[in-house]
Amino acid sequence: MRTINMRTALLEALNEEMERDETTLVFGEDVGKFGGINKVTEGLYEKYGNRVFDTPIAEPTIVAAAVGMAITGNARPVPELQFGDFAGIAFDEIFNKMGKWRFMHGGQMEMPITLRLPVGIAGGAGPEHSQSPQALFMHGPGLQIVIPSTPYDAKGLLKTAIRDNNAVLFFEHKLLYDMKGEVPEEEYLIPFGKADIKREGSDVTVIATALQVHTALEAAEELAADGTEVEVVDPRTLAPLDMETILSSVRKTGRVLIVHEESKTGGSGAEIAAQIQEEALFDLAAPIRRIGSPDVPIAQNIYLEQFYRPSKEQIVQAVNELMEY
Amino acid sequence: MAEIYKKETQLKDYSKDVLLDFYRTMVKIRKFDEHLIRLMQEGKVSGFYHSGIGSEGLSAGSIRNVLRDEDYIYYNHRGCNQKIAKGVPLSKIYGDFLGTTEGTTRGLGAGIVHSADPSRGVLGQAGTIGSQLGIGIGTAYASKFKGTDQVTVIYFGDGAASREMLHGSLNWAGLYNLPVIYICENNEYAISCHVSETHAVKEHIADWAYGYGISNCVVDGNDVLLMHEATKEAVERAKRGEGPTFIEAQTFRHRGHFEGDPYDYVDGELLKDWKENKDPIRNFVSRMLLDKIAEKQELKTIDQEVEQEILEAIEKAESAPQPEAGRIYEGLFA
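Calculation rules
- Residues numbered from 1 in each chain as written.
- Chains lettered and ligands numbered in written order.
- Predicted model: local features only at pLDDT ≥ 70, side-chain atom pairs only at ≥ 80, totals over all residues.
- Heavy atoms only, no water.
- Phe/Tyr/Trp six-rings, centres within 6.5 Å; stacked < 30°, edge-to-face > 60°.
- Helix = DSSP H or I, 4+ residues; strand = E, 2+ residues; numbered from the N terminus.
- Buried < 20%, exposed > 50% of the residue type's maximum accessible area, 1.4 Å probe, protein only.
- Lys NZ or Arg CZ within 6 Å of the ring centre and 35° of its normal.
- Pairing = 2+ DSSP bridges.
- Axes fitted to C-alpha atoms, helices over the stretch in contact; angles between N-to-C directions.
- Contact = heavy atoms within 4.5 Å.
- Core = buried A, V, L, I, M, F, W, Y, C linked by side-chain atoms within 4.5 Å.
- Domains from an automatic or database assignment.
- Expected span 1.5 Å × (residues − 1).
- Buried area = accessible area lost by both parts, 1.4 Å probe.
- Salt bridge = Lys/Arg side-chain N within 4 Å of Asp/Glu carboxyl O.
- Nonpolar A, V, L, I, M, F, W, Y, C, P; charged D, E, K, R; others polar.
- Polar contact = N/O pair within 3.5 Å; in protein donor to acceptor, adjacent residues only side chain to side chain.
- Patch = residues over 30% accessible without salt bridge, like charges linked within 9 Å, V, L, I, M, F, W, Y side chains within 5 Å.
- Areas by Shrake-Rupley, 256 points an atom, 1.4 Å probe, with all protein chains shown as cover.
- Right-handed = clockwise from strand over helix to strand, strands pointing away.

Novice: What is the right way to read the packing of aromatic side chains from this model?
Specialist: The geometry of two aromatic rings is summed up by the distance between their centres and the angle between their planes. For the structure shown, the criterion picks out 23 aromatic pairs over all chains. Ring geometry for tyrosine 182 of chain B against phenylalanine 246 of chain B: centres 5.9 Å apart, planes inclined by 20°, an arrangement best described as stacked. Here tyrosine 182 of chain B is found in strand 3 (residues 180–186), whereas its partner phenylalanine 246 of chain B is found in strand 7 (residues 245–250), with 64 residues between them in sequence. For the residue pair tyrosine 182 of chain B and phenylalanine 246 of chain B, the accessibility class agrees, reading buried in each case. An aromatic cluster of three or more residues is present, and its members are Phe27 and Phe53 of chain A together with Tyr141, Trp172 and Tyr176 of chain B. The ring of tyrosine 45 of chain A carries lysine 33 of chain A above its face, with NZ or CZ at 5.6 Å from the centroid. Over the ring of tryptophan 274 of chain B we find lysine 278 of chain B, and its NZ or CZ is 4.1 Å from the ring centre.

Novice: Looking at this model, I keep getting lost on the sheet that holds strand 2 (residues 152–157) of chain B. Mind explaining?
Specialist: Across a sheet, strands are paired by hydrogen bonds formed along the backbone, either parallel or antiparallel in direction. Residues and elements named next belong to chain B. Read across the sheet, five strands follow the order 1-2-3-7-6 without closing on themselves; strand pairing throughout is parallel. Two strands in the sheet have a free side with no partner beyond their single neighbour: strand 1 (72–74) and strand 6 (215–220). With strand direction ignored, the average angle separating the axes of adjacent strands in the sheet is 20°. As judged from the six bridges shared by strand 2 and strand 3, these two strands associate in the parallel manner. From the neighbouring strand, phenylalanine 156 faces strand 3, where its bridge partner is cysteine 184. Where helix 5 (residues 132–146) meets the sheet, it contacts strand 1, strand 2 and strand 3, and its direction lies at approximately 170° from that of strand 2.

Novice: What is the right way to read the nonpolar core from this model?
Specialist: Considering soluble globular proteins, one finds that nonpolar side chains tend to be buried as a cluster. Judged by nonpolar contacts, the single largest core of 118 residues is most densely connected at Met69, Ile94 and Met98 of chain A together with Phe156, Tyr182 and Phe246 of chain B. Shared between two domains, this core holds at least three residues of each, these being domain 1 (3–182) and domain 2 (196–323) of chain A. Once you skip the residues sitting within four places of it in the chain, isoleucine 94 of chain A turns out to touch Val63, Leu81, Ala87, Gly99, Leu115, Phe137, Leu143 and Leu169 of chain A. Among the nonpolar cores identified, the runner-up in size contains 65 residues, and Tyr14, Ile73, Met288 and Ala294 of chain B belong to it.

Novice: What am I meant to see in helix 3 (residues 59–70) of chain A here?
Specialist: Owing to its 3.6 residues per turn, the α-helix aligns residues three or four sequence positions apart on the same side. Residue and element names in this part refer to chain A. In a regular helix each residue adds 1.5 Å, so 12 residues correspond to 16 Å; helix 3 covers 17 Å between its end C-alpha atoms and thus fits that length. In terms of residue burial, helix 3 counts as a mostly covered element, since 11 of its 12 residues are buried. For helix 3, every residue scored as buried is listed here: Glu59, Thr61, Ile62, Val63, Ala64, Ala65, Ala66, Val67, Gly68, Met69 and Ala70.

Novice: I would appreciate a short explanation of the domain arrangement of chain A in the present structure.
Specialist: In many reports, interface size means the accessible area that the parts give up when they come together. All names here are of chain A. We note that the domain assignment places domain 1 (3–182) and domain 2 (196–323) within chain A. Placing a centre on the C-alpha atoms of domain 1 and another on those of domain 2 gives a separation of 26 Å. Counting residues at the interface gives 28 residues for domain 1 and 26 residues for domain 2. Both sides of the domain 1 and domain 2 interface together cover about 2300 Å² of buried area, and 65% of this is carbon and sulfur. On the domain 1 side of the contact with domain 2, Ile121, Met138 and Ile147 bury the most area, a combined 28% of that side's loss. Remark: the boundary between domain 1 and domain 2 carries two salt bridges. In this structure, aspartate 153 and arginine 236 form a salt bridge, with 2.9 Å as the shortest nitrogen-oxygen distance. Within the residue set of the side of domain 1 that touches domain 2, elements represented by two or more residues are helix 6 (134–138), strand 6 (144–146) and helix 7 (151–163). For the side of domain 1 that touches domain 2, a count of residues per class yields 15 nonpolar, 12 polar and one charged.

Novice: Explain the side chain of aspartate 21 of chain B to me, please; I cannot follow it from the model alone.
Specialist: Residues and elements named next belong to chain B. With respect to the helices and strands, aspartate 21 occurs in helix 1 (residues 16–41). On the basis of relative accessible area, aspartate 21 is assigned to the buried category, the value being 18%. Apart from residues lying up to four places away in sequence, aspartate 21 is in contact with Arg64 and Asn65.

Novice: Please clarify how the interface of chain B and chain A should be interpreted in this entry.
Specialist: In this assembly, 41 residues from chain B lie in contact with 41 residues from chain A. Here chain B meets chain A over a buried area of about 3100 Å², counting both sides, of which 67% is carbon and sulfur. Scanning the region where chain B abuts chain A turns up zero salt bridges. Run the count over chain B and chain A and you get 11 residue pairs in polar contact (both at pLDDT 80 or more). Those elements giving two or more residues to the side of chain B that touches chain A turn out to be strand 1, helix 5 and helix 6 (165–175) of chain B.

Novice: Quick question: what am I supposed to make of the sheet that holds strand 9 (residues 196–199) of chain A here?
Specialist: All names here are of chain A. Taken together, five strands build an open sheet; the order of strands is 9-11-10-13-14 and the sheet is mixed. Either end of the sheet is taken by a strand with one partner, and the two such strands are strand 9 and strand 14 (289–293). Here the strands of the sheet are splayed against their neighbours by 25° on average, with no regard to which way each runs. Here four bridges tie strand 10 (residues 204–208) to strand 11 (residues 230–234), and the two strands are oriented parallel to one another.

Novice: Hey, could you run me through helix 5 of chain B in this one?
Specialist: Residue and element names in this part refer to chain B. Here helix 5 spans 21 Å end to end across 15 residues, near enough to the 21 Å set by a 1.5 Å rise per residue. The buried fraction of helix 5 amounts to 12 of the 15 residues, a majority that puts the element mostly inside the structure. Taken residue by residue, helix 5 has Gln132, Leu133, Gly134, Ile135, Gly136, Ile137, Gly138, Thr139, Ala140, Tyr141, Ala142 and Ser143 as its buried positions.

Novice: Would you explain a nonpolar patch on the surface in this entry?
Specialist: Residue and element names in this part refer to chain A. Together, Tyr303, Leu304 and Phe307 give the surface a local cluster of nonpolar side chains, amounting to about 320 Å² of exposed area. Structurally, phenylalanine 307 can be placed in the loop between helix 11 (302–305) and helix 12 (312–323). Owing to a relative accessible area of 48%, phenylalanine 307 belongs among the partly exposed residues under this scheme.

Novice: Looking at this structure, I do not really get the pairing of strand 2 of chain B. What am I missing?
Specialist: Two faces make up the sheet, and in a regular strand the side chains alternate between them. Residues and elements named next belong to chain B. Of all six residues in strand 2, six are buried, a share of seventy percent or more. Along strand 2, one buried face is formed by Thr152, Ile154 and Phe156 and the opposite face, lined by Val153, Tyr155 and Gly157, is buried too. Sheet analysis places strand 1 next to strand 2, joined by three bridges and oriented parallel. Across the sheet, residue tyrosine 74 finds its bridge partner in strand 2, namely isoleucine 154. Chirality of the crossover, the property in question, places the unit of strand 2, helix 6 and strand 3 among those that are right-handed.

Printed below as a string of structure tokens:
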């Protein structure tokens, strides 16, 4: 099978969906002629003209306008915020309008928006351009949350997101844009709410998202050499969350480690851990462990950055500790 | 800076049907409001209510006989005025207030905000004041993109005009030349703060539109015909593809911001002047009688018909059941 990077996979998804439905609109800061600061929308403006447009630097207006377009039923907006951190600027529009407009108006309108949000620690971007704010939105009803870890997942999930008639927050880890993976030529979709077992194992369940899926897989290789078999589960969507697959793995291994780049307190792992203990406490042989980034703002210093990102060593150590129970 | 919209209006330039439609709409808005306040006093309606009494001409004039069902409106925090003018059934609006399944939200309940009627271009409203300024331009963008001649009218008060979103919205509207009409219902007070205490403007809020290259004017919002003419020009401009218009409509509320507001921050003499000399309905009646458009009895008959219509709407809304508890789990996703 051919191998492409995640940026190309996302661009293919955008291209195919714009081709498929001519009401699909792509807009945001520098997404037009410039192709987006991460080059995910490169070439779309040349191909689709006014269906791809640059907007002023105005995140609340970008998201609000997407809502106003979507509820007419005449457009399928796929806006981009340059950094996922900027969700903070547009918080009300995302949390209260995108998520709740349909419900609070009695279910009379649809909200086919896919808001793309590049996230993650990358390149010394500092405290307001490096965060992973996805868990904030797990608390907000009406929002579906996607966080892919591979080019294959990214493409299939983005296509599903764009076709969906409900609001989607699509988080893309910036360090994954250049990461390559197998992606078939032929079309496919990946449903929401279906976790993927990236590696099977019988001793410890490691639940990881985005870049951390890869760190967990590296740790699993190392641990396997010492005879510990780790199962790596990638939820792929945090809302809806596939607890069935997670619980089935937990019941098999009895040991759970949750790893994400989100800061630990109130991260998505907190919710996942809470749901596991509600359903499977007596299947556990050990306490549920979590690794997240420290609960302090992300320093600009690129040297310090590595101390925020969960490492292979941390995962190996945590798994070994779990195996002591 | 923004100019005062001036035009000599003559009743004889309008058909009697149109004039009586303006009258009926204004009376409907006022009586709707009075009955809603009664229902609140009877303890049947919870939440906040922002009475639109005193500003009926603004909504009737800018919607009736100029906007079509397919044109969109985003109403403001005195938005029952606009919903009624746009034709949302009264029983459905009362149903939202009463929380019965007759409401547009099928029992979820809504105050002024959150009722919607997409079949009449009423796409809802946010609880957070002024958010419609951003959402409305997306709707206007969608119409332009689709190539229809639909216009979007965004209503907002002087208070909402201080939201940051106004500027993001005006920038898009001007930049993309959108078919959108801003109607700033300037009743001078954002709860207790006078517009002069909260807005940095040369003279009028509409002055801001100049900076964005947007056509604008200041109009007497209590003159239903003047309001109609100003809006009609804006609608025609939008349909010609000449972009947005900002209309600042001057009015005053007869009651406080919310029911229970002591409204003691307004000078009593000033309020009396607005009520007695600038009431949109009273002044329109005087003109119609003077020009012999209608007899007193004819208008009285309309009043009675409207009263009856409202009582029937309330009866329909009240007799509908409260929703089942399971209603809260319906409709989050399509």
